[in-house]
Amino acid sequence: MIATAAAITAVTALATPTAALLTLLTHRGLRRAQAAKTLRIDSPRGIDEQGFVRIGGIDQWISVRGEDRTNPVLVEIHGGPGAANSIYTVRTRSWERHFTIVRWDMRGAGKTFGRGGPAGQGEATFERLYEDALEVTRYARDLLRTERVILLANSYGSAFGLRLARNHPELYSAYVGTDQNIHTGGRDTSAHDALRERLRAAGKAKQLAQVEAMGADPHAWTPQQRATYAKLSAQSDPLTLATLKKVVLGSMWLSPLHSLRDLRDFFRGQSFSERITEGTAGLDDRADGTRFEIPFFLFQGEHDVLTPTASAKAFFDEVEAPVKRFALIEDCSHFASFTRPDRFLDLLQTHVRPAVASERCAGA
């Protein structure tokens, strides 16, 4: 995506010791120090454990944070592929007062990629990451001594999320999808059509030719073409582009959990992880089933062009679940939960937590 190119340029520029650069780094250091104070968890029943855990035969980075171990546990499946959510820990600090958040840098992503490099990621496939997700879930259940956890999946991670929630109701108390990705086996071309229209309206003839040459069927795309499609989708939408700059790059630059080397590894991991999309090219979410045995929630950015809101809502309307709820996160495109984390927390508190509590009572 465009964020990758911009950030690589910025990180590379750090090798040039200019006065402006020193000022920039000083400012970054001060802001990161302030953020680190914000992240401190001092409550008696709190937890702040971060490090590498052996998952699927390799060391993978997992963070477990929350102010009260008795709060509901929320296991997050990040998007990308390769775009670890650990960079957003400061933005989502308020979530940790009400939930214990388990964040995991998948194989091929973030600190996990940095630990082993390209040669140390093992089998980087959709199927392997799915099994990793199950192992991370069981690790979280054992660590926090809870029978089931809330599954929160965003963007590309929601391809895993739907399958985990459908196949393993014994592990999850609710499914929450955001930036929800709906695979249709190539039938729905609305996002592709909308991208072509945006490029045509902007007079981007070269980019339009690229998209038209790829065709509308993702089955036929290479991993590189899928990455190009995502990049052009983001570039062509002003709201998404602004969000990438402010929310995504801003979170990376100021994260107290990430060194400059970690930022380099983040982007190298994204490039490495492009290959994983081969495992989702032929997915068909409706064919796989729209019945879920657990509460089902979709909280979607109102103006999302990368994972279109209309597609997510159409799928949601067909879902059968004990409890279900769809809500818009207003004035947002993709990355909606991180753009408006307080609004997202309100949705978790208003809809998800009561449903989970009811499930617990019913099972008691």
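For the structure, check the block above.
Keep in mind that this is a model prediction, so the values were computed, not measured. (Residues numbered from 1 in each chain as written. Predicted model: local features only at pLDDT ≥ 70, side-chain atom pairs only at ≥ 80, totals over all residues. Heavy atoms only, no water.)

## Some thoughts on the environment of Leu-152
For the record, the criterion: Every helix listed is a DSSP run of H or I at least four residues long, and every strand listed is a run of E at least two residues long, numbered separately from the N terminus. Only protein chains enter the accessibility calculation, which uses a 1.4 Å probe; a residue is then buried when its area is under 20% of its type maximum, exposed when over 50%, and partly exposed in between. By the convention used here, residues are in contact when the closest approach between their heavy atoms is within 4.5 Å.
Of note, Leu-152 is situated in strand E5 (residues 149–154). Owing to a relative accessible area of 2%, Leu-152 belongs among the buried residues under this scheme. As for Leu-152 and Val-176, which are separated by 24 residues in sequence, their C-alpha atoms are 4.7 Å apart. Sequence-distant contacts of Leu-152, that is, excluding residues within four places in its chain, are made with Leu-74, Val-75, Glu-76, Ile-77, Trp-95, Val-176, Thr-178 and Phe-344.

## Comments concerning the packing of aromatic side chains
To keep it simple, the criterion reads: Planes of paired rings set the category: under 30 degrees apart is stacked, over 60 is edge-to-face and the rest tilted, where pairs are Phe, Tyr or Trp rings (Trp by its six-membered ring) whose centres lie within 6.5 Å. By definition, being over a ring means that NZ of Lys or CZ of Arg is both within 6 Å of the ring centre and within 35 degrees of the ring normal.
Counting across every chain of the model gives 15 aromatic pairs. Plain terms: the ring middles of Phe-297 and Phe-299 are 6.0 Å apart, the flat faces sit at 40° to each other, and that makes the pair tilted. We note that Phe-297, like Phe-299, is buried. Through pairs of rings, three or more aromatic residues link up here, namely Tyr-88, Trp-95, Phe-297, Phe-299, Phe-338 and Phe-344. Lying across the ring of Trp-253, Arg-28 places its NZ or CZ 4.9 Å from the centre. If you follow Arg-115 out to its NZ or CZ, it ends over the ring of Phe-52, 4.2 Å from the centre.

## A word on the environment of Ala-357
With respect to the helices and strands, the residue Ala-357 is situated in helix H14 (residues 341–363). On a C-alpha basis, the gap between Ala-357 and Ala-159 in space is 26 Å, while along the polypeptide they are 198 residues apart.

## Quick look at the sheet that holds strand E4 (residues 100–104)
Quick reminder of the rule: Two strands qualify as a pair provided that DSSP identifies no fewer than 2 bridges between them. For helices, the fitted line uses only the C-alpha atoms of the stretch in contact; every axis is such a line through C-alpha atoms, and the angle between N-to-C directions lies from 0 to 180 degrees.
Taken in spatial order, the eight strands of this open sheet run E1-E2-E4-E3-E5-E6-E7-E8, and their pairing is mixed. Of all strands in the sheet, those bounded by a partner on one side alone are strand E1 (47–55) and strand E8 (324–329). Across the sheet, the axes of successive neighbouring strands diverge by a mean angle of 20°, strand direction being ignored. Alignment of strand E6 (residues 172–178) against strand E7 (residues 296–301), held across three bridges, turns out to be parallel. Residue pairing for E7: Gly-177 is matched across the bridge by Leu-298.

## Digging into the layout of surface pockets
Basically, it comes down to this: In this analysis, the protein atoms alone were mapped onto a 1 Å grid. Cavities are point sets where a 1.4 Å probe fits without being able to get out; pockets are open sets with protein on both sides within 12 Å along at least five of seven lines; lining residues have an atom within 4 Å of a point. Grid points are joined across faces, edges and corners, and a volume is the space filled by probe spheres set on the points. For this classification, Asp, Glu, Lys and Arg are treated as charged, while Ala, Val, Leu, Ile, Met, Phe, Trp, Tyr, Cys and Pro are nonpolar and the rest, including Gly, are polar.
Put simply, the second largest pocket is a space of about 230 Å³. For the second largest pocket, the full set of lining residues is Arg-31, Ala-35, Ile-87, Tyr-88, Thr-89, Val-90, Arg-91, Lys-246, Gly-250, Ser-251, Leu-254 and Ser-255. Secondary structure elements with two or more residues in the lining of the second largest pocket: helix H2 (19–39) and helix H9 (238–254). Among the elements that take part in the lining of the second largest pocket, H9 stands out by supplying four residues, more than any other. Here the residues of the lining of the second largest pocket are counted per class, giving five nonpolar, four polar and three charged.

## Overview of the pattern of salt bridges
Convention followed: Any carboxyl oxygen of Asp or Glu that lies within 4 Å of a side-chain nitrogen of Lys or Arg is treated as forming a salt bridge with it.
This structure, assessed with the given rule, holds 27 salt bridges. Residue Arg-163 pairs with Asp-288 through a salt bridge whose shortest N-O separation is 2.9 Å. Residue Arg-163 is located in helix H5 (residues 157–167), and its partner Asp-288 is located in helix H11 (residues 285–288); the two are separated by 125 residues in the primary sequence. Exposure remark for Arg-163: the relative accessible area of 7% places this residue in the buried category. On the accessibility criterion, Asp-288 (40% relative accessible area) is partly exposed. Across the pair Lys-313 and Asp-317 runs a salt bridge, and its minimum N-O distance is 2.7 Å. Here the residue Lys-313 and the residue Asp-317 both occupy positions in helix H12 (residues 309–318), the gap between them amounting to four residues, near one helical turn. Residue classification places Lys-313 among the partly exposed residues on the basis of a relative accessible area of 32%.

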